[in-house]
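Examining the three-dimensional arrangement
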Amino acid sequence: MTAARGGDGDAFRALVEPYRRELHVHCYRLLGSVQDAEDLVQETLLAAWRGIGGYEERASLRTWLYRIATNRCLNALRAGARRPPAHAMARVPPSEHAGPSVPASEPVPTPVPAARPARRREEASWLEPYPDVLLDELPDRLPGPESRYETSESVSLAFLAALQRLPARQRAVLVLRDVLGYRAAEVADLLGTTTNAVTMALKRARATLSRELPGPDRESAPLPGSPRERRLVAGFTRAFEAGDVDAIVALLTQDASLTMPPLPLAYRGPDEIRTFLATAALAGGRRYALIPTRANGQPAFGCYLRDPRTPILHAQGVLVLTLAGERVCGLTRFHDNSLLTAFGLPRSLRA
């Protein structure tokens, strides 16, 4: 610490590097974007470097860094710095926002009919998937005794999507209290507010999440990498790559949903999802190759569109599955191909 305060960059890096990944996940929870989180972590560490001389050690270094990161994220949210990716919106047919699209320079096997309009959610979600390979770098640090969410749940797409619907301050309070386990007084100090304000914000945030998240009666998902999960994922992969709509629908729960962030649209239940698959995603003989990966602790795939006229398969974003028991309860399709880089996946494949 003395060396870092004296301007020793290597000493500063040795101090803050153990916290970089968890700060990244923290910023991701608040912002919903992997790249935005990276930008805010860089801002946080730069601010810490500039302010290390004034760090009085009244709180731990970790808590001090969380203070900086949280407030930087809140400032970004208040400033409206985050915008929907224009390229993600442009690649989806504007009339229906339904079928997977292909850049003009890439061939499409056959025209894709428009799907029946999906239900419109109240607002768009800018949520992006988080690669599990980055989660593997998190330190083995258990949440505090008052924490309500295990690490796996607190990075699930369902939790993150619900979190994005909260006002920024409620979002930060809930993450700091229920995910990271800070006490109310500590959160008040971190955010520069009162304990009573923290308590009220947490109460409202919990009430919203209780409405948004799946009920406690839903059967839990198979354990990652378990035989149950492998069987279900393998069955889905076979059905999707074969374009077998009936087989895909047979794997769905009755309350399954299909969403495509950042579009404020959703298909609910097997019938609506069947219509979307048959008239858009898998219409006209469109076929895909699915390259397995993992995101947010869930099975995921890089999607690649086949073209009978060329051996090159073109990327079509990332598909993430949410599982419940022996079924698929959620399909989340992210159209932005720039996301593939974080998963170590290419923009194209050779058949």
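Here is what the cut-offs are and how they apply
- Residues numbered from 1 in each chain as written.
- Predicted model: local features only at pLDDT ≥ 70, side-chain atom pairs only at ≥ 80, totals over all residues.
- Heavy atoms only, no water.
- UniProt positions renumbered as here; feature names shortened; annotations may be inferred.
- Helix = DSSP H or I, 4+ residues; strand = E, 2+ residues; numbered from the N terminus.
- Areas by Shrake-Rupley, 256 points an atom, 1.4 Å probe, with all protein chains shown as cover.
- Axes fitted to C-alpha atoms, helices over the stretch in contact; angles between N-to-C directions.
- Parallel < 35°, antiparallel > 145°, perpendicular 65-115°, else oblique.
- Left-handed = near helix turned anticlockwise from the far one by under 90°.
- Contact = heavy atoms within 4.5 Å.
- Nonpolar A, V, L, I, M, F, W, Y, C, P; charged D, E, K, R; others polar.
- Buried < 20%, exposed > 50% of the residue type's maximum accessible area, 1.4 Å probe, protein only.
- Salt bridge = Lys/Arg side-chain N within 4 Å of Asp/Glu carboxyl O.
- Pairing = 2+ DSSP bridges.
- Core = buried A, V, L, I, M, F, W, Y, C linked by side-chain atoms within 4.5 Å.

Looking at an unreviewed UniProt entry, one finds the chain named RNA polymerase sigma factor, with Nonomuraea composti as its source organism. If you open the UniProt record of the chain and go to Sequence similarities (unreviewed entry), you find "Belongs to the sigma-70 factor family. ECF subfamily." Taken verbatim from the UniProt record of the chain, the Subunit (unreviewed entry) comment is "Interacts transiently with the RNA polymerase catalytic core formed by RpoA, RpoB, RpoC and RpoZ (2 alpha, 1 beta, 1 beta' and 1 omega subunit) to form the RNA polymerase holoenzyme that can initiate transcription."

Thoughts on the overall build of the chain
A count of helices and strands for the chain gives 15 helices and 8 strands. Here the chain has roughly 16100 Å² of accessible surface; of this, 52% comes from carbon and sulfur atoms.

Concerning the packing of helix H3 (residues 20–31) against helix H10 (residues 168–179)
Where H3 meets H10, the axes come as close as 9 Å, and the angle between the chain directions of the two elements is 135°. On the basis of their axis angle, the class for H3 and H10 is oblique. The way H3 lies across H10 gives a crossing that is right-handed. For the pair H3 and H10, the contacting residues are His26, Arg29 and Leu30 in the first and Arg171, Ala172, Val175, Leu176 and Val179 in the second. Its residues assigned to classes, the contact of H3 with H10 comprises 5 nonpolar, 1 polar and 2 charged.

Here's the deal with the side chain of Thr237
Of note, Thr237 is situated in helix H13 (residues 227–242). Residue class for Thr237 comes out buried when judged on its relative accessible area of 17%. Other than its neighbours up to four places away in sequence, Thr237 contacts Leu290 and Phe301.

A few points about the pattern of salt bridges
In this structure the tally under the stated criterion is 16 salt bridges. Among the salt bridges present, the one from Arg274 reaches Asp246, with a minimum N-O distance of 2.4 Å. Pair noted here: Arg274 is in helix H15 (residues 269–281) and Asp246 is in helix H14 (residues 245–250), with a separation of 28 residues, a long-range link. Salt bridges sharing partners connect three or more residues here, namely Asp132, Glu229 and Arg294.

Comments concerning the environment of Ser156
Structurally, the position occupied by Ser156 is in the loop between helix H8 (151–154) and helix H9 (157–163). Ser156 sits 142 residues away from Gln298 along the chain, and the two C-alpha atoms are 7.3 Å apart.

Brief notes about the pairing of strand E2 (residues 252–259)
Judged by how many residues are buried, E2 sits mostly within the fold: 6 of 8 residues are covered. Relative to strand E7 (residues 327–334), E2 runs parallel, the two sharing 4 bridges. Within the sheet, the bridge partner assigned to Leu258 lies in E7 and is Leu331. In this structure, the hairpin formed by E2 and strand E3 (residues 265–268) is closed by a connection of 5 residues.

Observations concerning the environment of Arg165
Along the chain, the position of Arg165 falls in the loop between H9 and H10. When its relative accessible area of 25% is taken as the criterion, Arg165 is described as partly exposed. Spatially, the C-alpha atom of Arg165 lies 8.8 Å from that of Leu209, the residues being 44 residues apart in sequence.

Notes on the nonpolar core
Formed by 72 residues in total, the largest nonpolar core has its most connected members in Leu23, Trp64, Leu65, Phe159, Leu174 and Leu209. Residue contributions to this core peak at 8 residues, all from helix H5 (residues 61–79). Apart from residues lying up to four places away in sequence, Leu65 is in contact with Val16, Tyr19, Leu23, Thr44 and Ala48.

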